[in-house]
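Observations on the model geometry
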Amino acid sequence: ATAREQIQIAGSSTVLPYASIVAEAFGDNTDFPTPVVESGGSSAGLKRFCQGVGTEHTDIANSSRKIREKEIAACAANGVTDIIEVRIGYDGIVFASQIDGPAYTAFTQSDIFNALAPKVMVDGALVDNPYTKWSEFNADLPDAEILAFIPGTKHGTREVFEEKVLATGCEATGAFEAMMAAGMSEDEAEDACLEVRTDGRSVDIDGDYTETLASIDANANGVGVFGLAFYENNTDKLKVATMAGVEPTTETIASGDYPVSRPLFFYIKKAHIGVIPGLKLFAQFFVADELAGPDGPLAQYGLVSDPELAATQEAVANEETMN
Amino acid sequence: MTDATSIPAAPEDGRRKSSLRTLDARTRRRNAAEKRFRFYGLAAILVGLFFLVVLGVTIVRSGLPAFTQTVVSIDFTLSEEDYAKAEGQLFKTKAYEQIFNAALVTSLEERGVEAEFDAKAINRIMGKPGATIREHFRANEGDLGTPVQFELSAASRVDGYFKGRVTRDGFVDSRFLQASDLDLVDALAEAGIIRQAFNWNFITGADSGVDNPGGAGIGASVVGSFFMMLVVLFLSLPIGVAASIYLEEFAPQNRFTDLIEVNISNLAAVPSIVFGILGLAVFIQFMHLPQSAPLVGGLVLTLMTLPTIIISTRASLKAVPPSIRDAALGLGASKMQSVLHHVLPLAMPGILTGTIIGLAQALGETAPLLLIGMVGFVARGYPDGFIAGFTEPNSAMPAQIYTWAARADVGFYEKAWGGIIVLLLFLLTMNIIAIILRRRFERRW
Amino acid sequence: MPLLWLIVAVLVVSGAGYVLGRSRAVAQAGGDTRALHSLPFYYGANVFLKIVVPAFGLLILWLLIQPLVVDRVVSGTIPADEVREGSSIGLVMAEVTRTAKGMTNAVAEGALSADALRDGSMDPEEVTQALKDAGQVVTSTLTAPIIEAAQLRNRMSATGSVIMSVVVMLAALAGLVWGVRESAPAFRARNVVEQGIRVMLIGAASIAVLTTIGIVLSLVFNTVEFFRLYPASQFFFGLEWAPSFSGRGGASDLGVLPLLWGTLYISLVALAVAVPIGLFAAVYLSEYASPRMRAVAKPLLEVLAGIPTIVYGLFALLTVGPLLVSVFGDGGMLGVSWQGGGRAVMTAGIVMGIMLIPFVSSLSDDIINAVPQAMRDGSYGLGATRSETIKQVVLPAALPGIVGAILLAASRAIGETMIVVLGAGAAARLSLNPFEAMTTVTAKIVSQLTGDSDFASPEALVAFALGMTLFVLTLGLNVLALYIVRKYREQYD
Amino acid sequence: MNDMRVIERDVDVTETKISARGVQVYYADNHAIKDVNVDIEDKTVTAFIGPSGCGKSTFLRCLNRMNDTIDICRVEGEIRLDGEDIYDPAVDPVQLRAKVGMVFQKPNPFPKSIYDNIAYGPRIHGLARNRAELDEIVERSLRRGAIWDEVKDRLDAPGTSLSGGQQQRLCIARAVATEPEVLLMDEPCSALDPIATSQVEELIDELRANYSVVIVTHSMQQAARVSQKTAFFHLGNLVEYGETGKIFTKPEDSRTESYITGRIG
Amino acid sequence: MNDMRVIERDVDVTETKISARGVQVYYADNHAIKDVNVDIEDKTVTAFIGPSGCGKSTFLRCLNRMNDTIDICRVEGEIRLDGEDIYDPAVDPVQLRAKVGMVFQKPNPFPKSIYDNIAYGPRIHGLARNRAELDEIVERSLRRGAIWDEVKDRLDAPGTSLSGGQQQRLCIARAVATEPEVLLMDEPCSALDPIATSQVEELIDELRANYSVVIVTHSMQQAARVSQKTAFFHLGNLVEYGETGKIFTKPEDSRTESYITGRIG
Ligand SMILES: Nc1ncnc2c1ncn2[C@@H]1O[C@H](COP(=O)(O)OP(=O)(O)OP(=O)(O)O)[C@@H](O)[C@H]1O
Ligand SMILES: Nc1ncnc2c1ncn2[C@@H]1O[C@H](COP(=O)(O)OP(=O)(O)OP(=O)(O)O)[C@@H](O)[C@H]1O
Ligand SMILES: [Mg+2]
Ligand SMILES: [Mg+2]
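Residues numbered from 1 in each chain as written. Chains lettered and ligands numbered in written order. Predicted model: local features only at pLDDT ≥ 70, side-chain atom pairs only at ≥ 80, totals over all residues. Heavy atoms only, no water.

Our working rule: UniProt positions are given in the numbering used here, feature names are shortened, and annotations may be inferred rather than shown by experiment.
Under an unreviewed UniProt entry, chain C has the name Phosphate transport system permease protein and belongs to Pseudaestuariivita atlantica. Among the UniProt annotations of chain C, the heading Function (unreviewed entry) holds the following wording: "Part of the binding-protein-dependent transport system for phosphate; probably responsible for the translocation of the substrate across the membrane." Per its UniProt entry, chain C bears the Sequence similarities (unreviewed entry) comment "Belongs to the binding-protein-dependent transport system permease family. CysTW subfamily."

An unreviewed UniProt entry lists chain B under the name Phosphate transport system permease protein PstA, from Pseudaestuariivita atlantica. Regarding chain B, the UniProt comment filed under Sequence similarities (unreviewed entry) reads as follows: "Belongs to the binding-protein-dependent transport system permease family. CysTW subfamily."

This is the structure in C-alpha cells:
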C-alpha cells in the first residue's frame, strides 16, 4: 500500500464544523491536500483512532468530551500510546425558542428542572410532575404548554445538560434533598435528578440541531437546546433565553459566567506526526490565533475561543503527549 | 351417475332469461366490487403519485435556489507587494480577503455609491473569496498588477436576501448582517455590482467549510457516487443474478439451500450501518483498502444491494412457467442453456426492477458510508484519473446532502435540497436505461 | 506492478488458449462442427477456464498464504526483549511490516539506497530518519532487530513473489497444454464448462453466506463484551431503554423490549400503508392500466424509492406530523387527544409506507405480469370479473414473488433510521398508542454507534448487541415467511 | 366410411341464440376472420370445422368476447346473443361470459386443487348456498366431465398434476359447473381416448336439451355424430353453414367438399 | 370400419433401440407406471395407446428423462438406449435428449419468433455452419412440420401467436430440426385437421427410414396407419405390446380387445 497523502480525521459532529473550516483553510493556504474530516461521533472517532497505528487508521480524533481512561487503555492495547490532546475552545449550550413564540426569555436551572423532571417539589413534597404549563411553577414564564427538545442520549451535550442544568436545578429546588430524605443513596439521588419526564413533554433529539430547529418550527411552544454557534447562525428564527440571568455570548461563556458550556478537543496520534504529510502543521494551524483566536473564523462562526489558547499552541508545538 | 345424466333445471330462472343489459343483483354486486377494486388500484397509484408530486414540489421549490448564487462582480487589481505580503502570512486567504475588501471599499467610494458603509459592512456582505483569488493569482502570476474581473459569491445572508429567504421585516441584526447592510446591498445591486448568477460552482464544485456556503458544490460527490455506483452495478448485478440462478435452478432442494435462502432474505433486513461496520473491518482494516474511497463505499453498498437483487431475481425466476424449461430441455439443451437462453430473458423485467430499486437504495444510502469515512467534510475536488476515482477520498451525494442539512447556515439547507434535485436527476438517468431495457423484455405468455 | 503484469500475462495466455482450443477441436473434426460433441465455443471456453482457474486460484492462495508464512518466520527471529512491556509481539510485527513496506517505498522513491534492503548493519537512526523523510509511517526510532526483521521480510516476500510468478505462469501453461490436448471432438467440453460456470454460480451464492458470517463476526465480539458489562437478563427483559450519557455505571437502563416493540409497531404501520397501496398499484398497473400509463407510472413510483430518506424524514417532521396532530391531537378535528406531538409511530409509519410503495408495487407488478395469460383466460371464460380473477387466480399464483416483495419492504422498514428519528422520535417507549413517539432498534444502533459516549462503555457497545438481536429476530421472521410461501405456493403451468 | 353417417336427430327448436353479422377480426394486420355471418341456434349443437389456423378458435372467442383480453385483436361487426349486441358498451362481458361458457383449446387448469378448480365458477356466481351443495355441484360436474372416477380420491391434488386428457376433462367439468346457456368448446376431445370422447359427446348431447353448444373439432366423425349444424371455415371465411347432414352429404361449396372428402380420419 | 385396416409394411430392421425393463414410476405416492417391460425397435414407429391417464405420457417422458424435471417423480427400473442405461449417473441427460427428441402433449412454443423457435435446437447443437444453412434447416423443418406455407411470411411473429394446431406443428418442426435418433411424440396430431394430420403422418413415415419414432395417440386409426408396433397401456400397466396388425386384429388380452372394440372413432 502506498502512503496516504491526506490527513484523516474522524469524530464528533460538534467539532466537525470547526474542523471543516480549518480543513478548508488548510487546503487553501498550504500545498498539502485538504484533510478529510469524517463525522460519526466522538465515540466512533476515538474508537477508530485507537484501533492502531498505520495508514489504515485515522490520525486525529475530534471529540466533544475528554477522552476517558478506559479509552486510553484501549488505545494503548492497540499500540496507540502517544496521544496529544488539544483543546480548541468551548461550546456554549443555549435554550432558544421560536422567535415569534411565547416569551421564553429567562430561565433558571430550577425552571428547566421543574418543567422536565419526572418528580418535582410541589409545596414541599416530592410528587410526580403535575405541570403542563411553564406559568404553573413560575409566574414570570409564559402561559404556554411545556414542550422541550433536548439532546438525545447519544449526544455529549446531554451530559452537560444533565450535569449543569438538571442537577443544579434538582438541588436548587430541593428535590435532591427530598430524595435523600426519602431514603435514596447519594448516587441514586444524583441519578434520579438527571431523569426527564417521559410523557412526551420532553422530546429527545438524536439528530442534529437542524432537527431541533425544525421541531421548534413545527411547534410554536417548543423550547430547544442548541449550541451557541448554531443559535448565532439562526438568530432570525430563534430567540435565546438567559440562564440564571446571564445571556449566552462568547464573552460570558469564555469568562465562565454563563454556566452551560463544555470544552471541545481533538487528539493527535503522535506516531503519525512527521509521517502523514502536514499533520503537525495542521494541528498548529487549527489552534493558531488567526483561526482559533477571538477574531478568527472559528469564533466568528460561534466557537468560544479558549482563553488559554497560547498554552495549547505551545503544547502542540512541543508535541506534548498526555500523561 | 343418475344425477349426472339428468339435466338439472335451470338454477335461477331469472338468470337464464335475463338480458345482458339488465344486471341481476348479484352481478351488480360483483360489478360494484369490480369497480371498487379497480378504483382502489387507481387510487393506490394516484396516492403514490400524489406523494411523489408533493415531495417533488417540495424538493424543487426548496432546491432550485441552490442553482443560483448572488455574486459580486468587480475588477480587482492585486499588486505584487500585496501578493508577497499575503503569501507571507499563515492565514493567506484571509489576507487576500482583507485586501480585496479594502479594494472594494475604495472602488465603491470612487464610484460614489449612495449608501453608508464601512469596511466591516463590506466584510459582512462578502463571502469567502480568499481562496478563489489566491488560486487565480497563483496560477496566473502575470495578472498581478493588472485589473482582473472576478465574480465572487456574496455572503450567505446577502444571497438569502436576494432569494427572499431574508426579508427586511422581522430582520434581526446579527454580527453576520445588519439592517443597514441591506441598503448597501440594494445600492450595489442598482449599480450592477451585485447580482444573481447561475451557480456553476454548485454543479461542478466540491464541499466547502461551514462558514462558506457560497463555495459549496455537489460536483465532486456526484463523481464519488458515480464511481460507487459503477462498483455496485458491476458487482451486485452479476453476483446477484448468478447467486439467484444457482439457488433457484441448480441448488438441490435441501435444508442447506433453505438456510442460504433464509439467510439472504435476512441480509436484506440487516441495518445498513452494520454493513458499514463490516466494511470498515474487512475492507479497510483487514484488506487495507484506502479510507473514504468510493471503491470501499461501492463494495459495502454492493453487499447491501445484493439481497435486494437476489430476492427480486429469484422471485421472477420462479415466475417463469416450467413448460418453457421443458421445451428447451426436450430439445437437448442443457439446464444451463435453458436457463441462460430462455428463463433468464423472461425473468429480466424482475431482475431489472430489483436493480433499479437496489441501486436507488444504494445511491441514497448514507449510514454505511458514515463508518468508512465518506460522510463529513471530504472536499477533495476531482480525482485525477479513472483509477484514482475509485481510490482517492471522495464523498457521495447522499452523504453530502446529509452533512449540508445538518449545518447551521440556512444557505446549506438550500444546497442540501439542491443536492437532492441533482441526486434525483442522477437516479433518473441511471434508471432510464434499466427502464427502457425492462420494457423491451416485458411480454406475456 | 509485477502482479498486474502477471495477471495480464495469464489473461493473454488464456486468450490464446481459447483460440487454440476452439480451432483445434474444429480442425480435428475436419471443419465440420456437427462432428463435435459441443459447440466450438465450449472447447475454447474449456481451455480458457483450465488456464484461468488454476492460475488465479494459485495466485490468490499464494497471496493469502505467503504473508502468513513470512510472518511466522520473521516473528521467530525477533528477540524476546524487543517486545516492550505493555506491548505485544503482534504490535512489534505490525511495526516490522510497516518498516518493511516503508523501506520498499523509500527505495522506490530513491530516498534509501537499494542495498539498504540487504545491509544488515544499518544505523537504525539513519534508517528511521530516511524513512520519515520519505514520508513513510514510523512510530518511533527503529531498532536493529526490527530493521533486520524488516529486511528479512522484504527478502522473503521478494523471493516469494518471484517463485509465485513462475509457478502461476507454469500453471497457466500447464492448463493451456491440458486444455488444448483435450480439445478433441469427443470431449464433453460443454459439460466441463457448465460445471465451471456452476461452480462460479455457487461462488456467487456463497458470497451472501460469507457476508452473513462477516456480519456475525463483526458483531459478536463486541456483543460478548457488552454482556460482560451489562447483565443479559436486563437487556432482554428490561422494560426500559434509558441510556445515561455519563456512563457512571448502573445508571443506564438498556432494555431491548421497548425498542423491539417500536420496531415492530412502526414497521407494521409502514407495511399497513405500503402493502395495500403497493399491491393495488401493482394490480392496477399489470391488469388494468394501458401500456402507456404503465410505462409512465411504474418508473415514476420507483422514484419514491430513490428519494433520499432525509427528505421523507423532513416530510414526516414538518408536514405529516403536524397534520396528524391537527386531526388526532388536542383540540384536533376529531376532538380526541390521542396524539401529543408530531413525532409518533403513525407519522413515521405512514411516511415510511410511502417510501416502500415501489418496493411492493414494482416487483409484484413484474411477477403478476409473468403469470401466464391462460390462467386469466380460464377464469374469464367462467364469467369471473377481473377482480375475482386477480384475487383468486393471479395473486395466488404470484404469491412467492409478492411475499418476496413484501419481505423486501419489511426489511427496508426495519433497517430505516432517518424517517424514524425525524418522524417517530428518539425516545423508546412501550405503549399501544400509535400516536405516541417511539423508536426502533435500528435507529438506536445508529445513534449509539455515532454518539459521543465512551466507546468501551455499555452505552456504545449495546449497538452491537442490538444488531445481533435484530439479526436473530429477523432470521426467525424469514423462516416463518419461507414456511408460508412453501405452504401456499401454487405452481402454474 | 360407414360410420360417417349423420345421425338424424330432431332439431327441436330453431330459435336463434347467437347471430353474427359481418364479423371481421384482425390480429394487428392479420385479417383472421373475414365477414362472417352465422346464426347459432338454441338447443342445438353447432360444429365448427376447418383446417388448422382457419380462424375457428378466433371466431369462437368472439362469441364470448374472450378476444378482449388480446391487446392486438380487433373485432368488427355485430354479434347478438338473444338479440342483444354483445359488443354493445352497455353489455357487461362478465355477465356475457357467465352465460356463454368456454372450454379452451389448451387445457388450462388453475394452479389450485381439483376441487377448487371446479368450485371456482359456482363460488363466484353464488350457485351454492352451502358447502354441501358445493360438494354436490363439484361431484356432479366431475361426473359429467367423465373424470370423477379418476380423481374422486384426490380432489385436493393440484389440477396441474393431472394428465393431459384429465386436464381437458377437468376444464370441461369446470365449464359445465357454472351452468352456462351457451357452451363454447374448443376441441374438447382432442386429448381424449375414445371412451372418454364418447362420454363427453354424451354430455354434449345431454346439454343440447337446454342449452346451445358450439364445438370446434377436427374430427368429421365427431361433428357428424354430435352436431345438428356445421360451419366450415376456410382461411378466415365461413365457407358453408348448414344442417350437418347436408354439409357432409351434399356440400354446396367445392372447398367444403374437398375438405370433407380429402379427409383421412 | 373399413379404414381400420392395418397397412402391412415391412418392418425393415428389428434391432432394439430402446429397451425398458421393470420400469416403475411414482409421483410421490401415486404409482403411475407399474413394472413395464418393452423393447422399442429402431427404424420403427411404435404407438402407445390407452385410456387417458393410464401413464402414456409418463412413460414417454421416462425415455428421455424429462421426468427428471418433476421433483416428486421417481423412476425405477432400467431403460437402455442402444444398450446403455440412460439412468446411469455417467450418462448426460442433455446428450440423451439431443438423441431422443420430444414433442410435448401441450404445445409449448418459446415466446420468441417462429424462426428462433426452430433455429434454437440447431444452434445449440451446432448443426448449421452459417446463417444460410440455418435458414435452410428452418425452412426444411417447417416444411416437414407441414406449417411452412402458413408461416413463411411471418417468421418473425412470436410462436405464441399461432393457432393451437399451428403451435403443435411448430413444436413438431422444432423437434425435427435437431435431427434426433429417436423422436417421442405425445399426441402430435391432437389439434390437427385431417390434412395436416396426414402430412404429419407422412413425416413420421419418412422419419422411420432412419429413426425410431414413438407416438402416443388416441386415434386407433392413426395407430393402425402409422405404426408397426403398438403398446397398450392400462392403469399404468403395459397390457399388451406387439405388431400393430396383431394388436388390432387379434389382441391377446381382453382389456386390449375391449378398449379397441369399445372404440367409437
Ligand atoms: N406432474 C404430475 N404430478 C402428479 N401426478 C401426475 C403428474 N403427471 C401425471 N400424473 C398422474 O399420473 C398418471 C398418468 O399420467 P399421464 O400423464 O402419464 O397420463 P396419459 O396416459 O398421458 O394420459 P392422457 O392421455 O390424458 O395424456 C395420471 O393419473 C396423472 O394424474
Ligand atoms: N394471439 C394471436 N396473435 C396473432 N395472431 C393470432 C393469434 N391467435 C391466432 N392468430 C392467428 O389467427 C389465425 C386464426 O387462428 P385460430 O387460432 O383462430 O385458428 P384455428 O382455426 O383455431 O386453428 P387450430 O385448429 O389450429 O386451433 C391464425 O393464422 C393464427 O396464426
Ligand atoms: Mg384453435
Ligand atoms: Mg398424456
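Alright, that's what it looks like, and here's the rest.
Some details on the coordination of the magnesium ion (ligand 3)
Residues and elements named next belong to chain D. Put simply, the test is: Counted as donors are the N, O and S atoms within 2.8 Å of the metal, or 3.2 Å for Na, K and Ca, while water is not among the atoms, so some sites may look incomplete. For helices the rule is a DSSP run of H or I covering at least 4 residues; for strands it is a run of E covering at least 2, with both sets numbered from the N terminus onward. Exposure classes here rest on a 1.4 Å probe applied to the protein chains alone. A residue is buried below 20% of its type maximum, exposed above 50%, and partly exposed in between.
Within the protein, the atoms that donate to the magnesium ion (ligand 3) are Ser-57 (OG) and Gln-105 (OE1), at distances of 1.8 to 2.2 Å. Here Gln-105 lies in the loop between β6 (100-103) and α3 (114-125) and Ser-57 lies in helix α1 (residues 56-63), a separation of 48 residues in the sequence. For Gln-105, a relative accessible area of 16% corresponds to the buried category.

Things to note about the UniProt feature "transmembrane region" (unreviewed entry) in chain B
Listed under "transmembrane region" (unreviewed entry) in the UniProt record, and renumbered for this structure, are residues 39-60, 226-247, 267-287, 293-311, 343-364 and 416-437 of chain B. Structurally, residues 293-311 of chain B comprises 95% helix and 0% strand, and the distance from its first C-alpha atom to its last is 28 Å.

A closer look at the coordination of the magnesium ion (ligand 4)
Summarising the metal site, the magnesium ion (ligand 4) is bound by the protein donors Ser-57 of chain E (OG) and Gln-105 of chain E (OE1), whose distances to it range over 1.8 to 2.2 Å. The exposure class of Ser-57 of chain E is buried, given its relative accessible area of 17%.

Focus: the UniProt feature "transmembrane region" (unreviewed entry) in chain C
Residues and elements named next belong to chain C. This chain's UniProt record puts "transmembrane region" (unreviewed entry) on residues 41-65, 162-180, 200-220, 264-288, 300-324, 344-363, 393-414 and 460-485. Note that residues 300-324 is 92% helix and 0% strand, and that its end C-alpha atoms are spaced 26 Å apart. End-to-end, the C-alpha atoms of residues 393-414 are 31 Å apart, and along that stretch the chain is 95% helix and 0% strand.

Side note on the arrangement of the chains
Stated formally: In this description, contact between two residues means that some pair of their heavy atoms is separated by no more than 4.5 Å.
With eight pairs of chains in contact overall, the greatest share of contacts is found between chains B and C. Chain A shows no contact with chain D. Their nearest C-alpha atoms sit 51 Å apart. Spatially, chain A is disjoint from chain E: no contact exists, and the shortest C-alpha separation is 47 Å.

Observations concerning the site of ligand 1
Just so we agree on the cut-off: Note on definitions. A residue lies near a molecule or strand when any single heavy atom of the residue is within 4 Å of it. Two N or O atoms count as a polar contact when they lie within 3.5 Å, although within protein this holds only if one can serve as hydrogen donor and the other as acceptor, and sequence-adjacent residues are included solely when both atoms are side-chain atoms. Accessible surface is estimated by sampling points in the Shrake-Rupley manner with a 1.4 Å probe; for residues, cover comes only from the protein chains shown. We call Asp, Glu, Lys and Arg charged. Ala, Val, Leu, Ile, Met, Phe, Trp, Tyr, Cys and Pro are nonpolar, and the rest, Gly among them, are polar.
As a structural note, the neighbourhood of ligand 1 is formed by 21 residues, with Arg-154 and Gly-165 of chain D together with Ser-52, Ser-57 and Thr-58 of chain E the closest of them. One nitrogen or oxygen atom from the main chain of Gly-164 of chain D is found 3.3 Å from an oxygen atom belonging to ligand 1. Between an oxygen atom of ligand 1 and a side-chain N or O atom of Ser-52 of chain E, the distance comes to 2.6 Å. Bound to the protein, ligand 1 loses 90% of the 630 Å² it would expose on its own. Within the residue set of the shell around ligand 1, elements represented by two or more residues are α6 (164-177) of chain D together with β2 (30-41) and α1 (56-63) of chain E. For the shell around ligand 1, the residue count by class is five nonpolar, 13 polar and three charged.

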